[in-house]
Amino acid sequence: MEPPIDEINYDFIFHQSPIAIYIYNPESLEITHGNEAALNLYGYSIDEFCKLSVSDLIAPEHLTVFRTELVPRFKDASVIKVESKHINKSGELIYVDVSSHVVTYKGTRSRFVYVHDITEKVKQAQQLQTLYALAQYFIEEPELSKILKKVTEESTGICRAEFGAFVFNNSENLQPYTVAGTLREKFIQSAKSYSLNFKGFSHFDKNVRIDNVAQHSLSNEHFADIELLSSILDTVSYMSVPVTTKSGEIIGSLLFGHRQEGVFTEETEKMVGSIASQAAIVIENAKLFETVNSLNTRKDEFISIASHELKTPLTSIKGYIQILESKSQKEDDSFYLNFISKANRQVNKLQYLVAELLDFSKIESGKMHYSYSNFKISELLEDCALFIRLELINQQITIEGDSTIEIEADKGRLEQVVCNFISNAAKYSPASKEIILRFYQSDGFFRFEVTDFGPGIPEEKIKFLFDRFYRAVDNSYSSTGLGLGLYISAQIIKEHGGQIGVESELGKGSTFWFEIPVSQTSFLDMLMN
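Source: prediction; values computed, not measured.

Some points on the overall build of the protein chain
Then, in step 1: In terms of helices and strands, the protein chain carries 15 helices and 17 strands.
Then, in step 2: Burial analysis of the protein chain (529 residues in total) assigns 44% to the buried set.
Then, in step 3: Within the protein chain, residue pairs in contact and separated by at least 24 positions form 62% of the contacts whose partners lie at least 6 positions apart.

Quick look at the structure:
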């Protein structure tokens, strides 16, 4: 038996409660009564409210769930608790927490409903979710134009503006960098047609929020463009929030407008301010990223041009030295042969450096070509033999492995990697008497290792060894080179579908290794599948 509502302190619970309460018939869903808090929440007079059905309060997107899942339960005696979306008289969305139970009201079986307005709580959660999503986006996206577009779109949505624009503070006659909102196209066209000079928005250094532009004092010349914008787009509500770095530099400003009055609240201003603070840091980083990229592009262009320009004269010098060497050998002139031999070694070094620069340039531009063929490891070692003799100082080479192993790879490029490993081993372990070359085949992969017994590499430097232009130089020995050899080697092995690495222990030496599929054809087939 439901408790008669008149048996409790009806006046205190119903009329004096700050919580919205209304009563309705569970059969017809007609509302029979509502307290002052309910009338204020939904915006109706008591007469208007009592002519409504409960379904009139439900947001359109929730009507289906309301009719299929909730209405059938209204007739039983169960207590119903649910979060829902309601609408007020003006059609504005209200997020509510609803609880109802069955009572007898004026002799009629009814439902007594408590409605808690949780709109602010939900909006805050949504705003926090937006901030988090933006933070994630900023972490993953380095491109400035995409960052500004995202910032403008999200902030326009949060403050419910009909247009939002980001304007850079970087010239005498500013134009919006990116625009969002339902009036986006009209805003862009108006800015062009009327030549809006956004430098007139000299309030870049502070927040501005105007409920009604027509009623605002616009005598200050700084607000002339706002007045013009208002006349073009019928803007009534206006807000702008500066995007300022920690150092105080004003990067730009976010501008918003709406054709209704009082759209922008203090809360939305603060929220957009939070986005602007995040954006300032990311925009600074993105601009720095673009600057670094631009410098890298110029550097790569210079390297490409310089290496090509150096290659031709070096080839000529090498030819002249060989002629002189041949002549001196015929005349058995040991004095000149000594100097010619030294000159020849230096030219070889220069040619090697220029070749590295050329390869680096090709890798960066994606123009490094590979030619795969089948060959035995013995062929690879034979091709490296001359280079090995020139590079070794006092060391002896020990070979451990089956040189008849056959693999499919770019022999020239693989030779480049092996020679680089051996060169580094000889260069960085001059006191060592032995360098070990170890290779074997296992589970469809070929592994090659070069072990030296030098001073080893500090652990904190190992992770940088395969970066471009990195040189792990130790003052205990001199070294030459550009720091590109291992970077190029890593790219070659990567292109072969393999891995490259190093194992090192201070005072005992290092082992550089690479591992590639024995067959490039089967590797490519695997990728295709």
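Some details on the side chain of S84
Then, in step 1: Note that S84 resides in strand β3 (residues 80-87).
Then, in step 2: With a relative accessible area of 12%, S84 lands in the buried category.
Then, in step 3: Only 3.4 Å separates the side chain of S84 from the side chain of H62, close enough to count as a polar contact.
Then, in step 4: If sequence neighbours within four positions are ignored, S84 has contacts with H62, I94, Y95 and V96.

Regarding the pattern of salt bridges
Then, in step 1: Scanning all chains against the criterion turns up 17 salt bridges.
Then, in step 2: Between R447 and E503 there is a salt bridge, with the nearest N and O atoms lying 3.9 Å from each other. Remark: E503 occurs in strand β16 (residues 499-505) and R447 occurs in strand β15 (residues 445-452); sequence separation between them is 56 residues.
Then, in step 3: The buried category is assigned to R447, whose relative accessible area is 12%.
Then, in step 4: Within the structure, one salt-bridge network assembled from shared partners comprises E400, R438, R447, E449, E503 and E515.

Looking at the sheet that holds β15
Then, in step 1: An order of β12-β14-β15-β17-β16 is seen for the five strands of this open sheet, with the pairing classed as mixed. The sheet is open, and its two edges are formed by β12 (396-400) and β16, each paired on a single side. Each adjacent strand pair in this sheet contributes to an overall mean axis angle of 15°, direction not counted.
Then, in step 2: Pairing geometry for β12 and strand β14 (residues 434-442), over five bridges, is parallel. Following the sheet pairing, Q396 is matched in β14 by E434.

Some points on helix α14 (residues 485-495)
Then, in step 1: Burial within α14 is extensive, with eight of its eleven residues counted as buried.
Then, in step 2: If you check which residues of α14 are buried, you get G485, L486, Y487, I488, S489, A490, I492 and I493.
Then, in step 3: G497 lies just past α14 and shows a positive phi near 75°.

Side note on the nonpolar core
Then, in step 1: Of all hydrophobic cores here, the largest spans 45 residues; its most connected members are I407, L414, F446, F448 and F514.
Then, in step 2: Of all the elements in the fold, those that place two or more residues in this core are α10 (334-365), α11 (377-391), β13 (406-409), α12 (411-428), β14, β15, α14 and β17 (509-517).
Then, in step 3: Here this core takes eight residues from α12, the largest share from any one element.
Then, in step 4: Apart from the residues within four sequence positions on either side, F448 is in contact with L381, V418, L437, R438, F439, F512, W513 and F514.

Observations concerning the packing of helix α5 (residues 119-140) against helix α6 (residues 144-158)
Then, in step 1: Taken N-terminus to C-terminus, the directions of α5 and α6 make an angle of 175°; their axes are 11 Å apart at the nearest point. With respect to α6, the axis of α5 lies roughly antiparallel. Contacts from Q127, T130, L134, Y137 and F138 of α5 reach α6 at K146, I147, K150, V151, E154 and I158.
Then, in step 2: Within the contact of α5 with α6, the residues separate by chemical class into six nonpolar, two polar and three charged.

What to know about unusual backbone geometry
Then, in step 1: In this model, K106 sits at a positive phi of 55°, which is unusual for a non-glycine residue.
Then, in step 2: Note on placement: K106 falls in the loop between β4 (93-105) and β5 (108-117).
Then, in step 3: Of note, D443 is a non-glycine position whose phi angle comes to about 50°, a positive value.
Then, in step 4: By secondary structure assignment, the location of D443 is in the loop between β14 and β15.

Structural notes on the packing of aromatic side chains
Then, in step 1: A complete count under the given rule lists 18 aromatic pairs for this structure.
Then, in step 2: Plain terms: the ring middles of F421 and F514 are 6.1 Å apart, the flat faces sit at 50° to each other, and that makes the pair tilted. Taken as a pair, F421 in helix α12 and F514 in strand β17 lie far apart in primary sequence, 93 residues in all.
Then, in step 3: Take F421: its relative accessible area is 1%, and that puts it in the buried class.
Then, in step 4: A centroid spacing of 6.4 Å and a plane angle of 55° characterise the contact between F446 and F448, whose relative ring orientation is tilted.
Then, in step 5: One aromatic cluster is present, formed by Y22, Y24, Y42, Y44, F49, F66 and F74 through successive ring pairs.
Then, in step 6: In this structure, R447 packs its charged tip against the face of W513, placed 4.2 Å from the ring centre.

About the criteria used
- In every chain, residue numbers begin from 1 and rise along the written sequence.
- Restriction of local features to residues with pLDDT of at least 70 applies here, the model being predicted, together with a cutoff of 80 or more for giving and counting side-chain atom pairs; totals for whole chains, interfaces and linings are based on all residues.
- Only heavy atoms go into the side-chain values, all of them from the structure, while hydrogens and water stay out.
- Helix and strand assignments follow DSSP, with helices taken as H or I runs no shorter than four residues and strands as E runs no shorter than two, numbered in order from the N terminus.
- Accessible area is worked out with a 1.4 Å probe on protein chains only. A residue is then buried under 20% of its type maximum, exposed over 50%, and partly exposed in between.
- A contact between two residues is defined here by any heavy atoms of the two lying within 4.5 Å.
- Here a polar contact is taken to be a pair of N or O atoms separated by no more than 3.5 Å, where protein atoms must pair a possible hydrogen donor with a possible acceptor and residues adjacent in sequence count only if both atoms sit in side chains.
- For this document, the term salt bridge refers to a Lys or Arg side-chain nitrogen within 4 Å of an Asp or Glu carboxyl oxygen.
- Only strands joined by at least two bridges in the DSSP assignment are considered to pair.
- Each axis is a line fitted through C-alpha atoms, and for a helix only the stretch in contact is used; angles between axes span 0 to 180 degrees, taken between their N-to-C directions.
- Residues belong to a common nonpolar core when they are buried Ala, Val, Leu, Ile, Met, Phe, Trp, Tyr or Cys residues joined through side-chain atoms within 4.5 Å.
- The scheme is simple: roughly parallel for angles under 35 degrees, roughly antiparallel for over 145, roughly perpendicular for 65 to 115, oblique for anything else.
- Ten residues, namely Ala, Val, Leu, Ile, Met, Phe, Trp, Tyr, Cys and Pro, are considered nonpolar, four, namely Asp, Glu, Lys and Arg, are considered charged, and the remaining ones, Gly among them, are considered polar.
- A pair of Phe, Tyr and Trp rings is counted when the ring centres sit within 6.5 Å of each other, with Trp represented by its six-membered ring. The angle between the planes then sorts it: under 30 degrees is stacked, over 60 is edge-to-face, the rest tilted.
- A ring has a charge above it when a Lys NZ or an Arg CZ is no more than 6 Å from the ring centre and no more than 35 degrees off the ring normal.

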